[in-house]
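Okay, here's what each chain looks like letter by letter:
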Amino acid sequence: RKAFGIHRVLELVENMSMEEYENGNGVVGEVGLADVELRVAVEGVSELLPTTWGTQQRSEQVGAVQVTIIGDESKTPLITIHDIGMDAISCFKTFLNHCVKSEADCPQLFHTCQYHIEMPGHHRNAQRLPDSSAWMDLNELADSVHRVVDHFKLLNVFMLGVGAGCEIVARYALSHKNLVRCLILISPSFCEASYYEQYSFRFGAGYKWLGNSELPPAAKALFEERWFGDNRSEIESSETIGRSKRLMSLLSAELDSLQPDNVLRYAYANAMRSAVSHRLVELAGTSILLILGKNSWMHDEAISAFEEPNEPRVLAKSVSRVIISHSGALPHMEHPDQVANAIRLFFQGHSIVS
């Protein structure tokens, strides 16, 4: 409530019919107060990440990336990296807002210092990257992460990636095992991009869509298809305004707030990725929490990437797996309570206690 403005939330609640409000102990339509917050977010795209009362938040440019720091820098560092088509705000706002509102779900989160890394040109009000520096490579982006770690003198780092952010997190961890304590990976792939993904983003981002003042509908549809999979058309055409439809509206509004060419450059880099699944065995000494939506297209690829060599369907001992039912590629947005609980238990196992 603090993140979106208590007065605006109360105003929306007051304007609900009693039937809406009483539909499931204060549930609005299908999902409750969290859904109201999504409505507020769509009406005015947020410029800040949610924080607990009195927590400091600041941003700093480190090389090619901007970093938003939340919390006491003497605490355990938690680095986050967002998916393509997003920035840190749109990727983590819904999840962090749930954790602020329901602090008991994951109190350990507030005993870390969060470093939210924005990919080049993805922070709010960013200018179009110059052509000389616009093309991105996932390995180079992993090097940018190391500049952040080195700049802030971080040690024993927790890292959290979503989608393409997992690709960067893994590459960084493989190159700097001595600095990384644990990984939290939400909807990773680690395989080479499919022909469909390569064609769509390489052709569209590289030649067809650049130079527009906003993302073309075809480009936005690709991002929505990535996040919501086969359910995208059904959600879009549904007359019921449930959580998934409001989440799609939120992400669409957030996507419109980003510089379109910069968004396409990051998507292009992800579509050009090489597979790192064969190297993940090198992370045997790193504790990993793997969080997957059961309906995500990354589900099978992510699990197979962490199976023991010569033992199919047996996960490496350092990997803990959590499967979120009725969820696609964004389980931390669709079911933030379940993801928060998984992270809470993971943090407890690594001595981060409230």
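Before reading further, recall that the structure is shown in the block above.
Residues numbered from 1 in each chain as written. Predicted model: local features only at pLDDT ≥ 70, side-chain atom pairs only at ≥ 80, totals over all residues. Heavy atoms only, no water.

Caption draft 1: Structural detail: the overall build of the protein chain. Summing up its helical and strand segments, the protein chain has 15 helices and 10 strands in all. Buried positions account for 56% of the 354 residues belonging to the protein chain. Put simply, 77% of the contacts in the protein chain that link residues at least 6 apart link residues at least 24 apart. Accessible surface for the protein chain amounts to roughly 15600 Å². Of this, 48% is attributable to carbon and sulfur atoms. (Helix = DSSP H or I, 4+ residues; strand = E, 2+ residues; numbered from the N terminus. Buried < 20%, exposed > 50% of the residue type's maximum accessible area, 1.4 Å probe, protein only. Contact = heavy atoms within 4.5 Å. Areas by Shrake-Rupley, 256 points an atom, 1.4 Å probe, with all protein chains shown as cover.)

Caption draft 2: The arrangement of unusual backbone geometry in detail. Even without a glycine there, the phi angle at Asn-156 is positive, about 50 degrees. Along the chain, the position of Asn-156 falls in the loop between α6 (138-151) and β5 (157-162). With a phi angle near 55 degrees, Ser-187 is a residue other than glycine that sits in the positive phi range. Taking the relative accessible area as the measure of exposure, Ser-187 reaches 1% and is therefore buried.

Caption draft 3: Broad picture of the nonpolar core. Tyr-266, Ile-343 and Phe-347 are the most contacted members of the largest nonpolar core, which totals 99 residues. Residues within four places of Ile-343 in sequence aside, it is in contact with Phe-95, Cys-106, Leu-160, Ile-184, Leu-289 and Ile-291. (Core = buried A, V, L, I, M, F, W, Y, C linked by side-chain atoms within 4.5 Å.)

Caption draft 4: Just the packing of helix α4 (residues 88-101) against helix α15 (residues 336-349), in detail. Running from N to C, α4 and α15 point in directions that differ by 75 degrees, and their axes come no closer than 10 Å. Taken together, the axis directions place α4 and α15 in an arrangement best described as roughly perpendicular. From α4, Phe-95, His-98 and Cys-99 reach across to α15, where they touch Pro-336, Asp-337, Val-339, Ala-340 and Ile-343. (Axes fitted to C-alpha atoms, helices over the stretch in contact; angles between N-to-C directions. Parallel < 35°, antiparallel > 145°, perpendicular 65-115°, else oblique.)

Caption draft 5: How the structure looks around the pairing of strand β3 (residues 76-81). Most of β3 sits inside the fold, with 6 of its 6 residues counted as buried. Across 6 bridges, the pairing between β3 and strand β4 (residues 112-118) is parallel. Across the sheet, residue Ile-79 finds its bridge partner in β4, namely Tyr-115. Remark: the β3/α4/β4 crossover connection has right-handed handedness. With 4 bridges joining them, β3 and β5 adopt parallel strand pairing. By the bridge assignment, Ile-79 is partnered in β5 with Met-159. (Pairing = 2+ DSSP bridges. Right-handed = clockwise from strand over helix to strand, strands pointing away.)

Caption draft 6: Quick peek at the packing of aromatic side chains. One pass over the full model with this rule turns up 4 aromatic pairs. A centroid spacing of 5.4 Å and a plane angle of 80 degrees characterise the contact between Phe-158 and Phe-347, whose relative ring orientation is edge-to-face. Of this pair, Phe-158 sits in strand β5 while Phe-347 sits in helix α15, and the two are 189 residues apart along the sequence. The class of Phe-158 is buried, set by a relative accessible area of 0%. Owing to a relative accessible area of 0%, Phe-347 belongs among the buried residues under this scheme. Aromatic side chains Phe-223 and Trp-227 sit 5.8 Å apart centroid to centroid with 25 degrees between the ring planes, which places their arrangement in the stacked category. Placement of both Phe-223 and Trp-227 in helix α9 (residues 217-228) is noted, with a separation of 4 residues, approximately one turn of the helix. (Phe/Tyr/Trp six-rings, centres within 6.5 Å; stacked < 30°, edge-to-face > 60°.)

Caption draft 7: Structural view of the packing of α4 against helix α11 (residues 243-256). Direction vectors running N to C along α4 and α11 enclose 150 degrees, while the axes themselves pass 10 Å from each other. Looking at the two axes, α4 sits roughly antiparallel to α11. Remark: the crossing between α4 and α11 carries right-handed chirality. Seen from α4, the contacting residues are Ile-89, Ser-90, Lys-93 and Thr-94; seen from α11, they are Arg-243, Leu-250, Leu-251 and Glu-254. (Left-handed = near helix turned anticlockwise from the far one by under 90°.)

Caption draft 8: Up close: the sheet that holds strand β10 (residues 319-324). Strands sit in the order β1-β2-β4-β3-β5-β6-β7-β10 across an open sheet of 8 strands; the sheet is mixed. Where the open sheet ends on each side, the last strands, each with one partner, are β1 (57-62) and β10. Taking the axes of each pair of neighbouring strands and ignoring which way they run, one obtains an average angle of 20 degrees across the sheet. Bridging between strand β2 (residues 65-70) and β4 involves 5 bridges; their strand directions are antiparallel. Within β4, the position partnered with Thr-68 by the bridge is His-116. The strands touched by α6 within the sheet are β1, β2, β3, β4 and β5, with β1 carrying the most contacts at an inclination of about 120 degrees. Seen against the sheet, helix α7 (residues 164-175) touches β3, β5 and β6 (180-186) and runs at an angle of roughly 150 degrees to β5.

Caption draft 9: Quick look at the pattern of salt bridges. Per the counting criterion, the structure on display carries 14 salt bridges. Residue Arg-124 is joined to Glu-254 by a salt bridge in which the shortest nitrogen-to-oxygen separation is 2.5 Å. Residue Arg-124 is located in the loop between β4 and α5 (131-134), and its partner Glu-254 is located in helix α11; the two are separated by 130 residues in the primary sequence. Considered together, Arg-124 and Glu-254 belong to a single accessibility category, that of buried residues. For Arg-273, the salt bridge goes to Glu-197, with nearest N and O atoms at 3.1 Å. Remark: Glu-197 occurs in helix α8 (residues 195-208) and Arg-273 occurs in the loop between α12 (260-271) and β7 (287-293); sequence separation between them is 76 residues. Neither Arg-273 nor Glu-197 differs from the other in exposure class; each is buried. Each member of the salt-bridge network shares a partner with another, and the members are Asp-83, Glu-167, Arg-171, Glu-197, Arg-226 and Arg-273. (Salt bridge = Lys/Arg side-chain N within 4 Å of Asp/Glu carboxyl O.)

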